[in-house]
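Listed below, chain by chain, are the residues.
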Amino acid sequence: MSGTSMTTRAWLLMLPLLAVMIAVIGWPLADTIGLSFTDAKLVGTAGNFVGIDNYVKTISGSNFQRTLITTTQFAVISVFAEMVLGVLAALLLNQKFYGRTLLRGLMILPWALPTVVNATLWRLIYNPEYGALNAALTQIGMLDAYRSWLGEPGTALASLIVADCWKNFPLVALIALAALQAVPRDITAASLVDGAGPFARFRFVILPYLAGPLVVALVLRTIEAFKVFDIIWVMTRGGPANSTRTLSILVYQEAFSFQRAGSGASLALIVTLLVAVLAAAYAALVRRSAGSTA
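Rules behind the numbers
Residues numbered from 1 in each chain as written. Predicted model: local features only at pLDDT ≥ 70, side-chain atom pairs only at ≥ 80, totals over all residues. Heavy atoms only, no water. UniProt positions renumbered as here; feature names shortened; annotations may be inferred. Helix = DSSP H or I, 4+ residues; strand = E, 2+ residues; numbered from the N terminus. Contact = heavy atoms within 4.5 Å.

- The name given to the chain in an unreviewed UniProt entry is ABC transporter permease, with the source organism recorded as Pararhizobium polonicum.
- The chain has a UniProt comment under Subcellular location (unreviewed entry) that states "Cell membrane".
- The chain has a UniProt comment under Sequence similarities (unreviewed entry) that states "Belongs to the binding-protein-dependent transport system permease family."

Rendered as structure tokens:
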């Protein structure tokens, strides 16, 4: 069979998938792009053409800039903590000890929980009246009185980061643990014979095997953290005083709470572009890491 006929057959086989993608992704995206150039409301008329005014107002607005900073802080701190905790947990669970299998199974539970359930649990833990965190800290003498962890701008974002890390670090741990299984035992044993300490073994023996999988975990978690919505919406709805408002929440408020569909569409496209740039940068990093490993 010639190459041309095989290419034609391949495109014919892909036509149903392409049709579904155009219907599910292409048309809504095109409609959103068109909507972003208007001053349309969520309910009412279609709106008038305003050009790039929505984009200019969005990017130059203080709300967008503050929210971008908050989103970046949340993504950077939470992903860094998840990577560190995940690697440490993987190194621990890679050791031989009694109950290791049970502990590996229990570690999956936070990640397996639905995000809404996880957020609700942490809201109860942080409750200013009967929360477990306040009770524990006051009983050991670290607090004199109960605090509203989610109600104070100084502690709300940090509290959300802790909740997000608790749910998502098991994913990093599972990826790292799978990579650790590929580390040859003879190389590890040889490093012990040569007198390498724990940090030297990790740096020169284990880390080269972890680098590639950890980059993949970094890509997945950074993109997810940058467009986070559900856990923050359930726990704080972006408050107090918008101190935990992320870009996804700003899009929701602009489009649905304030019913400015045109402005909300332009903001959604800006967020999509930022995530796409981030994904492209990390994809290049993954290819570079894979090439260096090969």
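Moving on, there is more to tell.
Section: unusual backbone geometry
Argument step 1. Here Gly-239 and Pro-240 are connected by a cis peptide whose omega angle stands at -5°.
Argument step 2. Along the chain, the position of Pro-240 falls in the loop between α10 (230-235) and α11 (247-257).
Argument step 3. Even without being glycine, Asn-242 reaches a positive phi, approximately 60°.
Argument step 4. With respect to the helices, strands and loops of the structure, Asn-242 is situated in the loop between α10 and α11.

Brief notes about the environment of Ala-89
Argument step 1. Position of Ala-89 relative to the elements: it lies in helix α3 (residues 62-93).
Argument step 2. The spatial distance from the C-alpha of Ala-89 to the C-alpha of Trp-166 is 12 Å, given a sequence separation of 77 residues.
Argument step 3. Beyond its immediate sequence surroundings of up to four residues, Ala-89 is in contact with Met-107, Phe-169 and Ala-173.

A closer look at the UniProt feature "transmembrane region" (unreviewed entry) in the chain
Argument step 1. UniProt feature "transmembrane region" (unreviewed entry): in the numbering of this structure it lies at residues 12-30, 74-93, 204-223 and 265-285.
Argument step 2. The span residues 74-93 is 100% helix and 0% strand, and its two end C-alpha atoms sit 28 Å from each other.

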